[in-house]
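Notes for the structure review
Each chain, written out:
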Amino acid sequence: MTQNFSDNTLYEMDNLVVLRGMNSETVDLIATDPPFNTKRNRAGTAGFYVDNWKWGDTDILPDQWKWNEVHPKWLEEIKDNHIELYHAIDAAKHCQGEDTAAFLCFLSVRLIEMHRILKKTGSIYLHCDPTASHYIKMCMDAIFGKKNFRNEIVWHYRRWTAASKRFQKMHDIIFYYTKTNNYIFTKPLQEYADEKYIEDTVRGMVDGKLVRLKDDKGNYIKRETQKGGVLMHDVWNDINFIGPTANERTGSPDQKPLDLYARIIEASSNEGDLVLDPFCGCATTIIAADDLKRRWVGIDRRKDARYHIITRLMGISRKERERIEKHAVDKQMEKYEMHYQTESPTRTDQDEQNLPELSHVYAAEPENPLTHAEMHEILVNKFGLKCWGCNYIPPDKRYLHLDHIIPKSDGGTNHIDNRALLCQPCNSMKSNTMSLSSLRRQNKREGYLQPNEPIDLQSALSWTKNHLIKIVRESPHQYRLL
Ligand SMILES: C[S@@+](CC[C@H](N)C(=O)[O-])C[C@H]1O[C@@H](n2cnc3c(N)ncnc32)[C@H](O)[C@@H]1O
Ligand SMILES: [Zn+2]
């Protein structure tokens with residue numbers, strides 16, 4: 001796909017709109033570190049994110065999520081198009097509560113876009129901690145597919161916290177997924193450990209440049225010769241938190257070490273590849289990518305995020321940085337070939353095949369003008385309390401579910417012209433693979449068809465289609481008529 005945004009660009013805005021505007025399959029690597037749902041007291045007020053970066057205007061952003069703030073359209077989109085994901089979020093809601101579920105919705109709608117814009121050979125690394133890592137893993141399995149899960153990397157750092165009545169918390173989790181099983185991976189090596197260590201831990205021996213490992217029965221098996229070390233393992237304990245006086249320190253409490261992101265970028269991209277960090281903060285991923293001659297795109301809604309990038313690209317120290325005037329830094333952008341955007345890109349690759357029926361009605365906007373509740377209401381009002389699959393007349397409208405006529409998996413849309421009302425048994429029998437007419441045939445064969453007057457499917461369908469066209473025509477914005 002063609003890239004519809006510039007290299008080396010910072011978008012200073014919400015990443016959802018930017019991600020939604022990016023063409024599919026344009027990014028080689030995503031390495032990102034979203035805010036956690038910690039409600040942690042950072043530099044100031046409890047529950048709020050306060051950046052103590054000197055130039056940041058007092059732009060206080062909450063680092064917590066509430067279920068009632070979840071956009072109903074997000075949930076419906078997840079329910080319609082990613083039912084496994086919906087169940088994962090629902091499980092989190094029951095086990096850890098609504099705030100975690102709200103956070104997962106926030107993250108998931110973005111991960112869906114990240115999955116779409118990754119190239120087929122692309123990879124994603126998502127940094128989190130045990131606050132929600134188990135639930136995030138479920139969401140990522142649902143979005144990227146469990147067969148594309150590569151590693152759970154444990155980043156073990158040494159940062160002592162005030163003693164509490166449990167073990168010291170000293171690790172973060174980085175989930176590594178690829179888009180397909182054909183992906184870029186340059187094997188990172190680590191130094192040979194001493195023999196005792198190897199025998200104890202990997203049950204192998206280092207013999208010159210040959211690594212021999214024992215199999216389950218204790219026999220030595222030959223292993224690929226590793227020049228200069230052994231293949232790096234998934235517990236990284238050789239990179240520590242940035243010390244208070246370190247040169248790379250910006251003052252942001254979220255900042256992660258450059259070495260950590262450099263390792264990821266070297267393993268999963270080549271020179272000239274495009275690296276994206278949609279939660280780029282004070283630009284660790286960006287700086288590591290630039291150092292390694294990768295192209296990059298960063299997104300952060302934090303005001304003045306660009307000053308982190310520019311001053312770090314300039315390689316100036318924190319002390320100097322605080323003295324430099326903002327406008328003096330802005331001038332540097334050209335020199336560092338950096339672009340600054342506050343408007344999202346517009347996709348140029350929208351495939352019309354998403355809208356087989358209605359492409360004659362609206363051009364590019366596939367968004368559903370109606371909510372689930374509205375479609376349900378319209379269908380009940382028009383066609384009455386009756387199951388479209390078996391003619392059952394339920395006691396009230398709660399017994400009727402809003403179903404897809406052509407299953408999503410066969411290219412059916414979420415619009416009202418592809419919806420039917422089904423009773424619970426019909427709904428679960430129809431599943432994902434059956435059409436409405438085969439459901440009716442099966443009900444007839446098995447004796448479940450009720451003696452009531454059936455819904456005339458053909459006229460129902462032409463009614464809902466015309467109804468949709470009418471809504472789209474009357475809609476003042478969003479939907480463009482052809
Ligand atoms: C944990 S920090 C990333 C720190 C980064 N890894 C570093 O080392 O500098 C998360 C960042 O995500 C940003 N953020 C949170 N929600 C966002 C959103 N919806 N769109 C864009 N950025 C967002 C925050 O402003 C914050 O800078
Ligand atoms: Zn039924």
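Residues numbered from 1 in each chain as written. Chains lettered and ligands numbered in written order. Predicted model: local features only at pLDDT ≥ 70, side-chain atom pairs only at ≥ 80, totals over all residues. Heavy atoms only, no water.

The subject of this paragraph is the coordination of the zinc ion (ligand 2). Of the protein atoms, only C387 (SG), C390 (SG), C423 (SG) and C426 (SG) coordinate the zinc ion (ligand 2), at distances of 2.2 to 2.3 Å. Coordination geometry of the zinc ion (ligand 2): the four donor atoms subtend angles of 106 to 113° at the metal centre, consistent with an arrangement described as tetrahedral. Along the chain, the residues that donate to the zinc ion (ligand 2) are spaced as C-x2-C-x32-C-x2-C. Here C390 is found in the loop between α13 (372-383) and β17 (401-404), whereas its partner C426 is found in helix α14 (residues 424-430), with 36 residues between them in sequence. (Donors = N, O, S within 2.8 Å, 3.2 Å for Na, K, Ca; no water. Tetrahedral: all angles 85-135°; square planar, octahedral: opposite > 155°, others 65-115°. Helix = DSSP H or I, 4+ residues; strand = E, 2+ residues; numbered from the N terminus.)

The buried fraction of strand β5 (residues 118-128) amounts to eight of the 11 residues, a majority that puts the element mostly inside the structure. In terms of strand pairing, strand β2 (residues 27-32) meets β5 through five bridges, oriented parallel. The residue of β5 that forms the bridge with A31 is Y125. Pairing of β5 with strand β7 (residues 171-178) involves six bridges; the strand directions are antiparallel. By the bridge assignment for β7, L126 is matched with F175. (Buried < 20%, exposed > 50% of the residue type's maximum accessible area, 1.4 Å probe, protein only. Pairing = 2+ DSSP bridges.)

Let us now look at the site of ligand 1. Every one of the 21 residues lining ligand 1 counts as a neighbour, but D33, K256, T284, D300 and R302 are closest to it. Between ligand 1 and D300, the relevant distance is 2.7 Å, taken from an oxygen atom to a side-chain nitrogen or oxygen of the residue. Between ligand 1 and the protein, one listed contact pairs an oxygen atom with a side-chain N or O atom of R302 at 2.8 Å. Summarising the interface, the protein chains cover 98% of the accessible area of ligand 1, which totals 600 Å² for the free molecule. Residue composition of the shell around ligand 1, by class: nine nonpolar, four polar and eight charged. (Near = heavy atom within 4 Å. Polar contact = N/O pair within 3.5 Å; in protein donor to acceptor, adjacent residues only side chain to side chain. Areas by Shrake-Rupley, 256 points an atom, 1.4 Å probe, with all protein chains shown as cover. Nonpolar A, V, L, I, M, F, W, Y, C, P; charged D, E, K, R; others polar.)

Time to look at a nonpolar patch on the surface. Where nonpolar side chains cluster on the molecular surface, the patch consists of F185, L189 and L231 and spans about 230 Å² of accessible area. The topology assignment puts L231 in strand β12 (residues 230-231). Of the residues examined, L231 reaches a relative accessible area of 39% and is grouped as partly exposed. (Patch = residues over 30% accessible without salt bridge, like charges linked within 9 Å, V, L, I, M, F, W, Y side chains within 5 Å. Salt bridge = Lys/Arg side-chain N within 4 Å of Asp/Glu carboxyl O.)

On the secondary structure map, P394 appears in the loop between α13 and β17. The sequence separation of P394 and C423 amounts to 29 residues, and the corresponding C-alpha distance is 7.9 Å. Excluding residues within four positions of it along the chain, P394 makes contact with L385, K386, Y399 and L400. (Contact = heavy atoms within 4.5 Å.)

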